[in-house]
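Spelled out, the chains give:
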Amino acid sequence: MSTDLSSSVRILVVDDHPIVRLGIRQMIAAEPRLTICGEAESAKSALRLVESSKPDLALVDLSLEDGTGLELIRTLREVAPAVQILVLSMHDEALFAERALRAGARGYIMKQEAIDGLVNAIQEVLAGRLFVSRRMSQSILERLGHDTSNSAGQLGNLTDRELEVFELIGRGMSTAAIAEQLDVSVKTIETYRSNIKSKLDLKDATDLIRFAVAWTERL
Amino acid sequence: VSPAALVTSAGRIIRLYGAMDPFLDPPAGTPSRREASSAGKTLKRMFLAALTLAVRQNREIAPKVPHRNMHGHRVTLRLTVRPVGSAAAADRHWLMVFEELPARGTRAKKLGRLQQLRSDLRSTKPAERQVEEMETINQELNTLNEQLEDKVRALTAVNDDLANLLVASDVASVFLDTDLRIKRFTTGAAQLLNLLLTDIDQPVAHLASDLVGADFVEYAREVLETGAPIERPALGPGGQKYFLRVLPYRAADQTMQGVVLTLFNVTALTTIERELRDTKEQLSADLRRMSRLHEVSTGLVREADLRELLDDILAAAIEITEADMGLIQLVEPPGFLTIAAQHGFAKPFLDFFRQVRLDTDNACGAAIAGRRRLVVEDVITGPVFEGASCLNILRTARVRALQSTPLMGRAGQFVGLLSTHFRTRHHFTDSERQWLDLLARQAADLIVRRQTEQQLVEAQGELEHRVVDRTKWLTLMHDVTRAINDAPSWDEGLRQVLHRICETEHWQIGLIYLVDRDNPDGIAPVISWFDDKRYRPFHEASEGQRFTHRQSLPGRVYADGIPLWLNEPEQLIELLPTRREAATATGLRAAAALPIRFGRDVISVLELFSDRAHTPNEVLANLMNDVCVQIGKVLEREHSKAQLSDLIWREQQGLLHTLHDSLGQTLTGLGMLATGLSQRLRVADVGAVESATQIAHLAQQALAEVRLLSRNLFPLEIETESFLAALEQLALTTTLVHNVPVQVLGHPSEALRDGVVATQLYRIVQEALTNAVKHAHARTIAIQFGGEPGLTSVSVIDDGVGIQNAGDKHDGAGLGIMKYRASSIGGVLTVEAGTGGGTVVTCTVRGISPQALPYKNRPRRRQR
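All of the points below concern the structure found in this document. Source: prediction; values computed, not measured.

Reading the values: rules and limits
- Residues numbered from 1 in each chain as written.
- Chains lettered and ligands numbered in written order.
- Predicted model: local features only at pLDDT ≥ 70, side-chain atom pairs only at ≥ 80, totals over all residues.
- Heavy atoms only, no water.
- Helix = DSSP H or I, 4+ residues; strand = E, 2+ residues; numbered from the N terminus.
- Buried < 20%, exposed > 50% of the residue type's maximum accessible area, 1.4 Å probe, protein only.
- Contact = heavy atoms within 4.5 Å.
- Areas by Shrake-Rupley, 256 points an atom, 1.4 Å probe, with all protein chains shown as cover.
- Axes fitted to C-alpha atoms, helices over the stretch in contact; angles between N-to-C directions.
- Parallel < 35°, antiparallel > 145°, perpendicular 65-115°, else oblique.
- Nonpolar A, V, L, I, M, F, W, Y, C, P; charged D, E, K, R; others polar.
- Polar contact = N/O pair within 3.5 Å; in protein donor to acceptor, adjacent residues only side chain to side chain.
- Patch = residues over 30% accessible without salt bridge, like charges linked within 9 Å, V, L, I, M, F, W, Y side chains within 5 Å.
- Salt bridge = Lys/Arg side-chain N within 4 Å of Asp/Glu carboxyl O.
- Pairing = 2+ DSSP bridges.
- Buried area = accessible area lost by both parts, 1.4 Å probe.
- Phe/Tyr/Trp six-rings, centres within 6.5 Å; stacked < 30°, edge-to-face > 60°.
- Lys NZ or Arg CZ within 6 Å of the ring centre and 35° of its normal.

Once that is clear, we can look at the overall build of chain B. Across its full length, chain B carries 21 helices and 29 strands. Buried positions account for 43% of the 864 residues belonging to chain B. The contacts of chain B with a sequence gap of at least 6 include a subset with a gap of at least 24, amounting to 57%. A total accessible area of about 46700 Å² is found for chain B, and carbon and sulfur atoms account for 53% of it.

Next up on the list: the environment of M408(B). All names here are of chain B. Checked against the element boundaries, M408 lands in strand 17 (residues 401-408). Using a relative accessible area of 19% as the deciding quantity, one classes M408 as buried. Once the C-alpha coordinates of M408 and D445 are considered, the two residues, 37 residues apart in sequence, prove to be 8.1 Å apart. The contact partners of M408, leaving out residues within four places of it in the chain, are R371, Q413, F414, V415, R441 and A444.

This next bit is on the packing of helix 7 (residues 160-170) of chain A against helix 9 (residues 186-200) of chain A. All names here are of chain A. Between helix 7 and helix 9, the shortest axis-to-axis distance is 10 Å and the interhelical angle comes to 95°. With respect to helix 9, the element helix 7 is oriented roughly perpendicular. For the pair formed by helix 7 and helix 9, the contact residues are R161, E162, V165, F166 and I169 on the first element and I189, Y192, R193, N195, I196, K199 and L200 on the second. When grouped by side-chain class, the residues that make up the contact of helix 7 with helix 9 number seven nonpolar, one polar and four charged.

Residues and elements named next belong to chain B. Tracing the backbone through its elements, the reader meets S795 in strand 27 (residues 791-798). Its relative accessible area of 11% is what places S795 among the buried residues. A distance of 2.9 Å separates the side chain of S795 from the side chain of T842, its partner in a polar contact. Excluding residues within four positions of it along the chain, S795 makes contact with A782, I783, Q784, V840, V841 and T842.

Right, let's get into a nonpolar patch on the surface. Taken together, the side chains of M134(B), I137(B), L141(B), L144(B) and L148(B) define a hydrophobic patch exposed on the protein surface, amounting to about 470 Å² of accessible area. Inspection of the secondary structure assignment puts M134(B) in helix 3 (residues 128-168).

All names here are of chain B. Pairing is antiparallel across the open sheet formed by five strands, whose spatial order is 2-1-7-6-5. Each end of this open sheet is capped by a strand with a single partner; those strands are strand 2 (13-17) and strand 5 (64-68). The average angle at which neighbouring strand axes cross in this sheet is 25°, direction not considered. Both strand 5 and strand 6 (residues 74-84) contribute to a ladder of five bridges, which runs antiparallel. By the bridge assignment, K64 is partnered in strand 6 with R78.

It is common to give the size of an interface as the accessible area lost on bringing the parts into contact. Chain A puts 39 residues into the contact, and the matching count from chain B is 34 residues. Where chain A abuts chain B, roughly 3100 Å² becomes buried across the two surfaces, and 57% of that area is made up of carbon and sulfur atoms. When the buried surface of chain A facing chain B is broken down by residue, M90(A), Q112(A) and I115(A) rank first, second and third, together holding 23% of it. Between the two partners, chain A and chain B, sit zero salt bridges. Those elements that place two or more of their residues in the side of chain A that touches chain B are helix 1 (18-29), helix 5 (111-126), helix 8 (175-182), helix 9 and helix 10 (205-218) of chain A. With eight residues, the single largest contributor to the side of chain A that touches chain B is helix 1 of chain A. Tallied by class, the residues present in the side of chain A that touches chain B amount to 17 nonpolar, nine polar and 13 charged.

Turning to the pairing of strand 26 (residues 781-786) of chain B, a few remarks are in order. Residues and elements named next belong to chain B. Relative to strand 26, strand 25 (residues 742-745) is paired through four bridges, and the arrangement is parallel. When the bridges of strand 26 are listed, V744 appears paired with I783. Looking at chain direction, strand 26 and strand 27 are connected through six bridges and run antiparallel. Among the inter-strand pairings, Q784 is bridged to a residue of strand 27, identified as S795. Taking the residues between adjacent antiparallel strands as the criterion, strand 26 and strand 27 are bridged by four residues, where G787 takes a positive phi near 115°.

A few words on the packing of aromatic side chains. The geometry of an aromatic ring pair comes down to the distance between the two centres and the angle between the two planes. Residues and elements named next belong to chain B. One pass over the structure, following the stated rule, counts 13 aromatic pairs over all chains. Taking 5.8 Å as the distance between ring centres and 80° as the angle between the ring planes, the aromatic pair formed by F175 and Y249 counts as edge-to-face. With F175 in strand 8 (residues 172-177) and Y249 in strand 11 (residues 241-250), this residue pair connects regions lying 74 residues apart in the sequence. Residue classification places Y249 among the partly exposed residues on the basis of a relative accessible area of 35%. Arranged with centres 4.5 Å apart and planes meeting at 70°, the rings of F538 and F609 form a pair that is edge-to-face. One end of the pair, F538, is in helix 13 (residues 536-543); the other, F609, is in strand 24 (residues 601-610), and 71 residues separate them in sequence. Of the aromatic side chains, those joined through ring pairs into one cluster are F345, F349, F352 and F353. R15 extends its terminal NZ or CZ atom over the ring of F185, reaching a point 5.6 Å from the ring centre. Positioned above the aromatic ring of W94 is the side chain of R92, whose terminal nitrogen or guanidinium carbon lies 5.7 Å from the ring centre.

The next subject is the pairing of strand 11 of chain B. Residue and element names in this part refer to chain B. Bridge count between strand 10 (residues 230-235) and strand 11: six bridges; the pairing is antiparallel. Looking at the pairing, E231 lines up with R245 of strand 11. With antiparallel pairing between neighbouring strands as the criterion, strand 10 and strand 11 make up a hairpin whose turn holds five residues, including G239 at a positive phi of roughly 85°. Connecting strand 11 to the next strand, strand 12 (residues 256-265), in antiparallel fashion are five residues, including Q254 with a positive phi near 70°.

One pass over the full model with this rule turns up 34 salt bridges over all chains. The salt bridge partner of R450(B) is E453(B), with a shortest N-O separation of 3.5 Å. A residue pair is termed a helical-turn pair when its members lie 3 or 4 positions apart in one helix, as R450(B) and E453(B) do in helix 11 (residues 430-486) at three residues. Residue classification places E453(B) among the partly exposed positions, given a relative accessible area of 36%. One salt bridge connects D611(B) with R612(B), and the closest N-O pair in it is separated by 3.5 Å. Among the charged side chains, a salt-bridge network with shared partners connects D15(A), D61(A) and K111(A).

Set out below in structure tokens:
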């Protein structure tokens, strides 16, 4: 997984915002060991460039003009397994970092942190390590600790209806939307949510959503 | 006096006067029983010829006729034939007077007479003086003779008059002398008593008379004895009635010289008299009836009860027809005849006829159908009731005869029957029928007038009632509309409506049920009102209730959509199974539940309770329909507000996405550019590196702010337990982003009911903060919790320019949305000036959390 640090590292930038690409270019230009080998504004051109420019690492935004970055990540893993992928996104890492990693990315950095942390992230990934923010890594580790105890068993404790609600939360639906779909009151869904949280021993709504999303992704 | 004869035109002799024998021929046959009578004698042919001539000419004639007198001397007669009476020529009588004229002598006779006169002269010559005396005497004699002749003429005239009078008069009179012999009689008497001329001078006792009760002899004697007249009735053989008057016959010197019997035929008179008496009686009866009718008529205009007036009419009918019993039946209800007044009947009869169908096939039915009077002069033998079911009833009631007169209105409508009944057979006279008609006319007019008056009164009452109802309705609708429009929230509006309805219609407790959010098939009380604390237990018992379809009173109305009114304690107990004890304890006696519709669906139920009976009130039910239209409008308005709010929300979302995606990306790019720049300048220009690094830092900071803002505007759904933390985060963000310190003071006094309430409160605070910062230019802001048991309030207090001075129209929509948010969670939003300047925006949420807007969670239900 590690890359030879002595030679120049080729980086493919996949982002639909020209100014972001420009900024990345400027930052990479300041690093003597890093080279921009190509820039793509869409998944389609990214796949084309992967063939021609032979990058060592791809910087991928999750929101692209012609599709989601997650799809691109999965495809890149298939067509060019050697290319390391670092996700650079405006999206909340709490919601998408784990998904990105699961899809095959080696790191996830939010754009606000990228201004002074991008090069470090690139280097971490090139060094063969996974990169997420400190806060994110802590959260994942905590949950993994829970997971090892009795996560599956806890899910088993959910009633069918609770499981149904849990799955809909995982698909990103709001409480009101779930209530509407199941034709019950918001209050009822809130009760389900509360039950699910206590059964799965989750701290708050964010935790619940995160876990639900992660679980739904696994399906 | 010259002899005379009274004869008929045919020459039959009626009476003879004086020595008439020389002028008559002897009778042809054997002499009659009465030898002296003139029967059979006839006038000599010569005289008959004169009569015939007079009759033919029909006037008086006086021819001179030769005649040989009783001495055998030839003489000349003056025969006067004079008509008597004024009858036609053929029937009149004639008076024939035979007057011998002085004979004109023969020469020898004259000579003889001359010689005699000469001898007389010789014998008288010597006494010349004697001659003078004789002449004087002769003159006196002549004078006397003339006087006598005058007298005779006068007497003859009187005699003629008398004779004519007697003939002309129809009166039968017989003159008797003191010996009771017939002296004279009139033609009428001759005919009545078969008197003949020969009966003259015969005793009256010999008179054979057919008259009954006319003892002439006895009466005549009595009169002769007493001198006083006698008057007696008598009867003729043919039933004629006579009046016999016996008067004394007095001469000029007042001496009684006999009696006069006079017989008057009074048969016609008696008949007339009887008829007169009958007429008088009839008139008297009619007068009585007329008075009675008048009395009734006068009575009818007075302000009395109809039944009383009908009794009067019936009494008059009974009196007029002289009946024993009577009945007035009226057409009421339509299609039936009902007894309205009766006299003299017992229960079985009244029970049988109390209410009779108009189309009943009986005698009365026939009268009604024919619109004619039914007259039965004999119930038992007559054909009308033969085999009829009511015959026995009539018999038991001892009705033998009856009449039923239909009472017809002026417009020809049948309004009833006026009947009178008789215990005996009864013949109805025309007069009775006419009077009955008059009475029936009066009765019918009265009934129609009373019915019309009644209808008028009813119509007026109805009208007044409707005006009152309408006024009440208008007032209530006005109040309801105003309450709904002015209320800060729809549920507050409904509460006021409920209050108003309870107050106006006198209900003590009112509840409005809406769809239960936890169970869309059921309903739960959302808004309630009660007027006295003694109803609190029942109110509290109601508050926690949830009813599914058809369950309990509200559930049933919710399911059926039909109003229910309960006035019986058993009904209350049956339909309030879960609140039975509370209802009994608070003394509730009546309940009503009315559906509230939105379009065709029942969306809500209004439940009312009272401690007194309430009759089903259609007005209230209709009113609720109208109230529902108003409520529907409010809901529609709220719906529009919701749509507007959603639209604004989506716009904000779009803006923030743009901000997040574009500005964020741009800031990222700029930051990266600056970082790159600073690295490239690191060796060349230390000052420039510093600037570049600063730019990168600023970009990063800006990016963080954008992120913070978007996160605050799109917080993950806020839950009740994280509400305070979310508000604290919001305060922090506002402090950081706008550089205005925001403090959170206190905490919610009660746990919020659900996340919806928390989210809406959060957004209200958020909007208030934005207003405070942007429009009020606040320097410090406080988010303060407050409230009392059952209420949670959160206020945003700023020290800005105040809402009136903000001078910005933008908050109009913002304020509207805040109000909408507050009302959607059953809260109330107030915006006031702060005590030390600035603005205080407060949202207060009730502890009993209301439902969401009814239509939002309305279950999809089958269309009725």
